[in-house]
Each structure stands twice: as C-alpha cells, then as structure tokens.
Amino acid sequence: MIAIRYNFFAFLISRLKYALDFGIKYNKKNGEPAPEAITDKIYENTKTIKKWISAIGITSFGGPEGQFDVDVFDSATDYVKLMKSIFDFQSLQKLLSSPKFAFCYDALHGVAGAYAKSIFVEELLNCVPKQDFSLSVHPACHGLLKQEDFGGGHPDSNLTYAKELVARMGLGKSNAEHEPPEFGAVLMVMQIELPGLVFSSLSYASKQGMPTSAALDVVAKHLDLKFFEVLLHCSNFIILAIDAGLCSVCGEESFGTGSDHMREKDIWAVLAWLSIISYKNKVNLNGETLVTVEDIVCQHWATYGRHYYTQYDYENTDAGAAKELVEHLIKLQYSLREVNKIIKGIRSDVANVSNADEFKYKDLVESSISKHQGIWYLFEDGSRLVFRLSGTSSEGATIRLYIEQYEKDSTKTGRDSQEALAPLVEVALKLSKMQEFTSQSAPTVLT
C-alpha cells in the first residue's frame, strides 16, 4: 500500500497483489471523504491513463498550470511515525513482552492489516514477518492480509459477524465486560488522569454520535468538559475536531472510538487501551497479578455509573412498514403522559419518559441543518431509547433500535447485561409495535 500527497490533496492507493488494476481512496486535507463531484472527475480521468509510474519519493511533473511535485510514500511507515508521536512504544513493548499479558489483534482481512503488520508485528512484538503475510506472522495477530471479500467474513466487526474473534477473546464469560459505547468515556477519563502519558495533544473535549450511549455525556458533565452530540457520519466529527478544533475524542454507537489525530481510528483505539493498561501496570509488570481491563472498567462504573447498552437491527424490513413504524413513534411523542401510561402498563419498574422528539442537527461550523435523523425517548433515570431508519430502498429498509439502561447504583453495576436491559427491551419492542410492523419476531443483528 502506498500513499500520495499533492499540495493540499491526499490520495491513498491500494494495489491488488495479484491483479493489474488498482483502487483510489481520496480524502480531503482534513481526512474527510471527497465529494462525489470530485471523485467522478477523478474516475473520468483514470480512463485516459496511458502508463503507470511506480516511484517512491518526490517526482516533478509538468502540467497545464506549470510544474508540480508528487510525493509517493509508504502509508504504513507514515502511520507508524504518527503513532510513535502519540504513544510510548517502549512501554507498550514491555507490556506485550510480559508473559502475564495476553494480546490478540484481528484485522479481519480489512485494510488495517497492513498498518497492524508494521505496528504490532514489526514494532511492538519485534518480529520479522514472512514475505507472504497471508500466513500467520505472529500468534497474536490474525487476518492481516487485505482481501476484497474480507476472507469470506463480514466488514462489520460486531458480536454477530465476528464470532471467531469473540470466541478467541473469551467474551461472554464475565458480567464486567463493558459495552462498546463506553470505550470513549473511559478513554476520556484516562486522558485527564494520564496527561502526556497516553495521549500527546488532546484538548479535553468530547463528541458522540446521536445513537451512542450517554456514557460520554456523564463523563463530560462530571469533568466540566465541552461536549457535542452530532450525526453518525465521520465528517461531522472531522469538522468539529480538525476544522474547528473543538473536540478530541469521538465515541460511536458500535465499537468505534477515535481521536482528532486521524480519521481512520481503529488501531489508535487499540494503542490507547494498551497504553492505559501499560501505565496502570508500570510498577507491577513483574508482580503476581496485573491490573486488567475489568479492574479499570469497574473503577469507572463506581465513579460514573454503568451504561448497559444493546443494539437491535431489523434488516430487510418492508420500506413502507418501516416508515409506518416511524410515523407511529412520532405520533406517540405528542403526549408524554400517554406514553408513560403505556410504559407503566408494560413494565412498572421502568422510569418515566422525560423528553421525546425527532433528532435534528445543526452543524456548528457550517450551520447546515440535517433533519429526521432519529427518534429518541429520554427517561428520567438517564436511560434512552433511540430508533433510526436507514436503507429505505425498494429492496427493504433497516430499522436500528438502540437500548440503554443507565445504572448509577454501584451495587447493581455488575449485573448481566441482558438481565439489566430486559425491562427496557420489552418496553421498546411493545411501545414501537416492532413485530407488528416488521413481521420479525427477533432482530437480524444483535450487538
């Protein structure tokens, strides 16, 4: 994989190993995906390519507007350099070399594999990889070879589609496994506690996508930090973080956590967690037991409470039926009194709804307004229900239901997630008449 810089543009070019064709990924200077108007022009120009020049380094060319330079470089090398400016690689090497610490990384045959090979295999595990890294180059690293079909897997690495990784990590064996949307909240606390040790230059502000749990909200309020709630699209975070310099940590509704260092964030999040564990064990690597992720998370819950969270996706739903469900939910919001009456008839142990509306977002930088972005019900105890509709094509729609039960009683933060969420799940399904509208008795994807 190589990358090209030209003036304020950036191209990422990925050549297929066994083919003559290649793909171009184009990002603007701030990391935001290019507008279609530009990518369409790029595509048209590719039809006129007569020869391919392969050269690492700076090459000068002559064009209609005069001379210009093109810098071609190994993007993995550039990425490693950036990560080294953020994290203490020597401390991470000590942690990964400890016989008491178990580590596993799976790129799931996505594009991150090339970067993982450079960072985890070559830098942190001090292993000289085989030339053909389609084979296992280290017992701790899997799926590093990028494949168009993701090795027969699924591009969405959730608990449903990444079953092998879930089994390898031993997930589901402890009630102390925290929900993915809490990742960003824990990292936000850690950057305050460990300034300069985990993160190099964060500005102590946060942001989350609208369906994401309120874990970041609670931390930001507790620590008196700036907080923004935006749309899910990465461009909204880019505008806030990079263009405006207003925030530094991004939490998503699924497994994503990122920072203002780059748009592609998965490896950053892994290194951030390794850095936290390394710091917590800096004087304990030779001790009998290490401070674990579970220890760190339980401490977080004791201070900020726990956000039990799950996501139900109903795929391939009839588009008309999906729209009727949304209209039903919007109509209910006209009378919260009636909503709470219905809820108490379903489960008396669920708190009352304090607010409900249809989310719209006004961009703080560009002032653009995006409407109809989701329907949410906010409860008096801090719990939430969020309904979103996507993919309303003739082939069907996907209804995404986000269910969050907030628990601040420290004696109840160690419960099984499904047990803690059961009352609110029942309310969500019956209040929305999910089965009646979708004709589905269970979600297609459960995260």
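Structure: see above.
By convention here, each chain's residues receive numbers from 1 onward along its written sequence. Side-chain atom pairs in this predicted model are given and counted only at pLDDT of 80 or more, local residue features only at pLDDT of at least 70, and totals for whole chains, interfaces and linings cover all residues. Computation of side-chain values covers all heavy atoms of the structure but excludes hydrogens and water.

Points about the overall build of the protein
Within the protein, the secondary structure is distributed over 14 helices and 19 strands. The criterion used for residue contact is that any of the two residues' heavy atoms lie within 4.5 Å. Long-range pairs, those at least 24 residues apart, make up 65% of the contacts in the protein with a sequence separation of at least 6. Every accessible area reported is derived by Shrake-Rupley at a probe size of 1.4 Å, with residue values counting cover from the shown protein chains alone. Accessible surface computed for the protein: about 23100 Å², of which carbon and sulfur atoms make up 51%. Labels follow the DSSP assignment, with helices taken as runs of H or I lasting at least four residues and strands as runs of E lasting at least two, numbered in each case from the N terminus.

Structural notes on unusual backbone geometry
Although it is not a glycine, Leu 108 adopts a positive phi angle of roughly 55°. Tracing the backbone shows Leu 108 in the loop between β6 (105-106) and α4 (112-124). Despite not being glycine, His 109 shows a phi value in the positive range, around 60°. Structurally, His 109 is set in the loop between β6 and α4.

Re the pattern of salt bridges
What makes a salt bridge here is a side-chain nitrogen of Lys or Arg within 4 Å of a carboxyl oxygen of Asp or Glu, nothing more. Under the counting rule described, the total for this entry stands at nine salt bridges. Put simply, Glu 44 and Lys 47 hold a salt bridge, and the shortest N to O gap is 3.5 Å. The rule is simple: take the accessible area with a 1.4 Å probe, protein chains only, and divide by the maximum for that residue type; under 20% is buried, over 50% is exposed, in between is partly exposed. Taking the relative accessible area as the measure of exposure, Glu 44 reaches 43% and is therefore partly exposed. A salt bridge links Arg 347 to Asp 349, with the shortest nitrogen-to-oxygen separation between them at 2.8 Å. Taking the relative accessible area as the measure of exposure, Arg 347 reaches 25% and is therefore partly exposed. Sharing partners across several salt bridges, the network here consists of Arg 347, Asp 349, Glu 426 and Lys 430.

Concerning helix α7 (residues 215-223)
Those residues of α7 not exposed but buried are Ala 215, Leu 216, Val 219 and Ala 220. The buried residues of α7 all sit within an arc of 125° when viewed along its axis, so they share a single face. Away from its buried face by more than 90 degrees, α7 exposes Lys 221 and His 222. By definition, the arc is the one covered by directions from the helix axis to the C-beta atoms.

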